[in-house]
Structure formats: C-alpha cells, structure tokens
Amino acid sequence: MVSVRGATLVNNFCTISKTIGLILIIIVGMVQLGQGNTQHLNFEGRGTDVFSLSLAFYSGLFAYIGWGNLNGLTEELRNPKRDFPIAAAFSMLTVTLIYVLTNIAYFSVLSPEELLASPAVAMSFGAKTLGSWAWLMPVVVAISTFGTIDGSILANSRLVFVCARDSLLPDLMGMVQIHFLTPMPALIVMMFLSMGYSLYDDTLALINYTGFASWLFAGTTIVGLIWLRYKKPNLKRPFKVPLVLAVFFALFCFALVIISVFASPRDTGIGIGITLTGIPVYIYGVVWKNKPMWLKRILDAGLKTCQLIFMVVHQEVDTYEAF
C-alpha cells in the first residue's frame, strides 16, 4: 500500500531466496539419483484417468500461475510491447525447467505416498537429506509463501482497481493514494479477501473451488480477445500472440472446466456458487442506475468520508488511456 517499488523489491528477494532453495533441492536430488535412488520414479497408481488428471491440472497449474500476475501489472511496465513477451517467455521456460527438476529430485527421496501425505514436501525432503541443515527448508517455504502472497496481491489488486475504474465495481476501489500513488482501497479489499481465504484449512479444496471460476473466466476472456481480433483488427495492441495459440488455450480452459464438473461435482458446485455471489453486487452497482436520491446521498457521503480517510482520488485519464 505504501510503495510499488518496495513490494517489487520484497518480491525479488523472495523469488531469489526460493530459487536458491529449489536449486539446492535439485542438486541434492541429482546426487541421490547418481547414487541409484530411482525406485520411486517407477510410478504405479491411478494412471491417466481423465477425471483425475483434470483436478491434478488445477493444482499443477496453480504452481505456474505466476505468469498470470504479469497481466495485471501491464500498466506498470514502461515498454510492455517489448518487456511483456520477454518476461512471459523467459519466466515460463525457467519456472518449468526448475519445477520439473525439483519434482524429479523429490522422487529421488520420497515415495508418491510420502509426497501426498506431506503438508510441505520441501520440508519432508530436507528432513531426510539435509541433516542439521534441515531448518533451511522451513525458512525457504515461509519466504516462498510470503512472496507468492505479495505478488498475488500486488497483481490482483490491479484487476480490482481497473474494474472499479471502468465502473464495474464500487467507485472507491478505482482510486489511488495521493502520496504513495498506489490503489490503496483495492489493496485493502485484497488484504481482507486473503485473510478470509487463509482461514480455510483445506488448500486443495480451495484451489478446486477457485480453479473452476479462474479457468472459466480465462477461457471466456481469450474468446473475447479472439472476437475483437476479428471485429476490430485495427485496435492498438502493444503485443499479441499467434491466433492458433489463443484458440488452443481457450479450448484447453473450457475442457478443463467441463471435465472438472464430472470429476468433482461438489467442489465445482461450490465454485459456481462463489461465482454467482457476484451477480447481485453487479446488478446493484452497475445495472441499477436510477437509485433513489436518499441512497445516492448516503453513498456519496460514505465515498467522500473514505476519500478523506485514505486520501485517495481518481486516476488521471491520460495516465492510462495513453497505454
């Protein structure tokens, strides 16, 4: 809430620390493999059941979702046309390589059953291999978790901010703090949402709940962009991807969502329910234009009070329309 640069520096520190921890795991794992510990790499289990794979994708893609945060920070980039494709491509290749090698390293020490039963796989790995240095893994896990939250709130608050700026959410959330130049109200909303989610102890179920909505809206958004590519080909686009890639990604998103309905109907139903809670808010805030004057006066008074408390104002139009 105080500084975008400060949040970025914190995220950089967390990312570097996490990467060092993962490289340590990879090195130890390669040593274990060199010593012939390959017995856990012969997988025997549920096979390639398509329903199980769909739920596995939810959890697996959650680990790679950092690339999605970059979309929310596009307006923060000085040269998005050049920087965004480079950052997306480099980060995806690097993360994929590191994560695949890390999982191979895990299986050099842990069996699939031990991995599934572990509340924190890196800590279980460290306890078995690092001896007196095993304390490093809990520290790295804590730093990694903090960095993930920092990056997610930094990026997702921008989505809330832009939606409010486009009159799709309450006006207050689309304002910036006059001294810090940060979307403070949107950040406060994200803070309370994060605190609420953290009270739920079943992380896997939470991923499934939110995964349905996330991938449904991701696919829908891509379809909308494809339609705009066709209907308005001359729109200014700082960067764009090959159309075939967009079509493939949209189809993948919808397939993932449809299969998950049959694979876990309960979790999907809860996800649909969470999504539908936004409809009354949308109707009240966006569709209902002719609110009575007494209600408008109350809302205006509340908005002005919050503006004075947080010292926030609307963003100047030319600072984002130029993008």
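That block above? That's the structure.
Keep in mind that what you see is a predicted model, and the values were worked out from it rather than measured.

Here the focus is the nonpolar core. Note that soluble globular proteins tend to have their nonpolar side chains buried in a common cluster. Judged by nonpolar contacts, the single largest core of 18 residues is most densely connected at Ile25, Tyr106 and Phe125. Listed by contribution, the elements that provide at least two residues to this core are α1 (4-34), α4 (80-107) and α6 (121-129). Those residues in contact with Ile25, other than ones at most four positions away along the chain, are Thr102, Ala105, Tyr106, Ala122, Phe125 and Met137. Judged by nonpolar contacts, the second largest core, of 9 residues, contains Phe161, Ala164, Met173 and Val176.

In this structure, Phe249 sits in helix α10 (residues 243-263). Taking relative accessible area as the criterion, Phe249 reaches 23% and is therefore assigned partly exposed. In this structure the C-alpha to C-alpha distance between Phe249 and His314, which are 65 residues apart in sequence, comes to 35 Å. Setting aside anything within four residues of it in sequence, one finds Phe249 in contact with Trp67, Trp215, Ala218 and Ile222.

Our next topic: the pattern of salt bridges. Once the charged atoms of two side chains with opposite charge are near each other, the side chains can pair. Per the stated rule, a full pass over the model turns up 3 salt bridges. Notably, a salt bridge pairs Arg82 with Asp83, separated by 2.7 Å at the nearest N-O pair. A salt bridge links Asp267 to Arg266; the shortest N-O distance between them is 3.4 Å. By relative accessible area, which is 10% here, Asp267 ends up buried. Judged by its relative accessible area of 57%, Arg266 falls in the exposed class.

In this model, the second largest pocket occupies a volume close to 660 Å³. Along the wall of the second largest pocket there are 25 residues; nearest its centre are Leu169, Pro170, Asp171, Gly285 and Leu299. Breaking the lining of the second largest pocket down by element, the ones donating at least two residues are α7 (136-165), α12 (278-287) and α13 (293-310). Counting residues per element, the lining of the second largest pocket draws most heavily on α13, which supplies 6 residues. A breakdown of the residues in the lining of the second largest pocket according to their chemical character gives 13 nonpolar, 6 polar and 6 charged.

Criteria and cut-off values
Residues numbered from 1 in each chain as written. Predicted model: local features only at pLDDT ≥ 70, side-chain atom pairs only at ≥ 80, totals over all residues. Heavy atoms only, no water. Core = buried A, V, L, I, M, F, W, Y, C linked by side-chain atoms within 4.5 Å. Buried < 20%, exposed > 50% of the residue type's maximum accessible area, 1.4 Å probe, protein only. Helix = DSSP H or I, 4+ residues; strand = E, 2+ residues; numbered from the N terminus. Contact = heavy atoms within 4.5 Å. Salt bridge = Lys/Arg side-chain N within 4 Å of Asp/Glu carboxyl O. 1 Å grid on protein atoms, 1.4 Å probe; cavity = no way out; pocket = protein on both sides within 12 Å on 5 of 7 lines; lining within 4 Å. Points joined across faces, edges and corners; volume = space filled by probe spheres on them. Nonpolar A, V, L, I, M, F, W, Y, C, P; charged D, E, K, R; others polar.

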